[in-house]
Amino acid sequence: MILQRTLKGEIKLEGIGVHSGRTVRLTLRPAPPFHGIVFARTDLEGSPTLPANYKNIVNTQMATTLGVGGVTLSTVEHLLAALQGMEVDNAWIGVDGPEVPIMDGSSLVFCKAIERVGVESQLQPRPYLVLKRKVELKLSEKWAVAEPAQRLEIFGSIEWDHPSIGYQEYHYIEGRTPFQELASARTFGFLKEVESLRKLGLARGGSLDNAVILDHALVLNPEGLRCPDEFVKHKVLDALGDFKLAGHAIHAYVRLHRAGHDLHRMLIAEILKSTDNYEIVHSMDRQPIRNLVTAPLRPVAAGI
Ligand SMILES: [Zn+2]
């Protein structure tokens, strides 16, 4: 039986919000079984809560933003990815501002903090959202295909008409891929976009310290990339974080091409639209669905 997990103690972190440029303080605390991941805006009266659920997604441009009753919280995905990668089911997360701090643009700082405090098992089995049949979505040149599998696998691919990116692919297999491989992959953006975002009053806190920035040809960060496929790894990291918003750990093999937060949200909603697509299974009565897919499939093999 696989048990639910929570943090062993409290974590306190601070960093700047990528859009506001303001310092934001973050507090993570242990929470009881079946609590899930719940954010709270501690800067507002009564500390209103925002459960980490796809139904609470109100914006997917630039980042994943949750909103409940007019209260919003942006850029939740890298922290959620760290919780997913470290298998934390239950936590309370206080944030004293409108966005989760960007830290270095990856999940690394969150992962290290979780590692430092430790994670402990709780006396309740972890429920899984198990896909029963294929679910697919296409949105112009982007697509997503989810198929039944014994664990979560994400095969991500990107194709950018840019000399420093081009075509990249990466296959994450839960329990086999060391999460550290993904955790340090930073978000990226283009100089042109950063300039226009700044004109709109956004990306005030964005800098080479918290993103990989590219001009028309090159990576501008003096230290370069952390790994040659950092771009696609970050895309898979984003997907891991967004999938945490399904509310349950997912067992599915998901292939994503040129995907982003909008497609991730749509895929979760499409899967959860009908119980013909999925079932909620407790690990103790879990039956194997099929053999694990391990051979990477290139996008052309998707047939859509
Ligand atoms: Zn991201």
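Because the structure is a prediction, the values reported are computed rather than measured.

Novice: I'd like a description of the overall build of the protein chain, backed by residues and values.
Specialist: In terms of helices and strands, the protein chain carries six helices and 19 strands. Against the 2.2 N^0.38 benchmark of 19 Å for 304 residues, the protein chain shows a C-alpha radius of gyration of 19 Å, consistent with a compact globule. Over its C-alpha atoms, taken along the principal directions, the protein chain stretches across nearly 55 × 50 × 35 Å. Counting all 304 residues of the protein chain, 42% fall into the buried class.

Novice: Just give me the short version of the nonpolar core, but keep the residues and values in it.
Specialist: Core analysis: the biggest nonpolar cluster contains 81 residues, and F39, A91, I93, A144, A146, I154 and V236 have the highest contact counts within it. Residue contributions to this core reach at least three from each of two domains, namely domain 1 (3–126) and domain 2 (128–302). Among all residues touching A146, those that are not within four sequence positions of it are L131, K134, V135, A252, V254, L267 and I271.

Novice: Report on the domain arrangement of the protein chain, specifying residues and quantitative values.
Specialist: Split into domains, the protein chain comes out as domain 1 (3–126) and domain 2 (128–302). With 34 residues of domain 1 in contact, the opposing surface of domain 2 contributes 35 residues. When contributions to the side of domain 1 that touches domain 2 are tallied by element, the ones reaching two or more residues are α1 (77–85) and α2 (108–117). Top element by residues in the side of domain 1 that touches domain 2 is α1. It accounts for eight residues. For the side of domain 1 that touches domain 2, the class distribution of residues is 17 nonpolar, 14 polar and three charged.

Novice: Outline the packing of α1 against α2, listing residues and values.
Specialist: Direction vectors running N to C along α1 and α2 enclose 40 degrees, while the axes themselves pass 8 Å from each other. Our classification of the angle between α1 and α2 gives oblique. The interaxial crossing formed by α1 with α2 has right-handed handedness. Facing H78, L79, A82 and G85 of α1, the residues of α2 in contact are F110, C111 and I114. Grouping the amino acids of the contact of α1 with α2 by side-chain chemistry returns five nonpolar, two polar and no charged.

Novice: How would you summarise α1 if you had to cite specific residues and measurements?
Specialist: The element α1 is extensively covered by neighbouring structure, given that nine of its nine residues are classed as buried. What α1 keeps buried is the set E77, H78, L79, L80, A81, A82, L83, Q84 and G85. At its buried positions, α1 is contacted by β4 (37–41), β9 (91–95), α2, α3 (180–183), α5 (230–243) and α6 (261–272). E87 sits one or two residues past α1 and shows a positive phi near 55 degrees.

Novice: Run through the sheet that holds strand β6 (residues 57–59), naming residues and quoting values.
Specialist: An order of β6-β7-β8 is seen for the three strands of this open sheet, with the pairing classed as antiparallel. The sheet is open, and its two borders are formed by β6 and β8 (71–73), each paired with just one other strand. Within the sheet, the average angular offset between the axes of one strand and its neighbour, ignoring direction, is 40 degrees. Relative to strand β7 (residues 65–68), β6 is paired through two bridges, and the arrangement is antiparallel. Opposite N59, over in β7, you have T65 as the bridge partner.

Scoring rules and cut-offs
- Residues numbered from 1 in each chain as written.
- Predicted model: local features only at pLDDT ≥ 70, side-chain atom pairs only at ≥ 80, totals over all residues.
- Helix = DSSP H or I, 4+ residues; strand = E, 2+ residues; numbered from the N terminus.
- Rg over C-alpha atoms; globule rule 2.2 N^0.38 Å.
- Buried ≥ 20, exposed ≤ 12 C-beta atoms within 10 Å, placed from the backbone.
- Core = buried A, V, L, I, M, F, W, Y, C linked by C-beta atoms within 7 Å.
- Domains from an automatic or database assignment.
- Contact = placed C-beta atoms within 7 Å.
- Nonpolar A, V, L, I, M, F, W, Y, C, P; charged D, E, K, R; others polar.
- Axes fitted to C-alpha atoms, helices over the stretch in contact; angles between N-to-C directions.
- Parallel < 35°, antiparallel > 145°, perpendicular 65-115°, else oblique.
- Left-handed = near helix turned anticlockwise from the far one by under 90°.
- Pairing = 2+ DSSP bridges.

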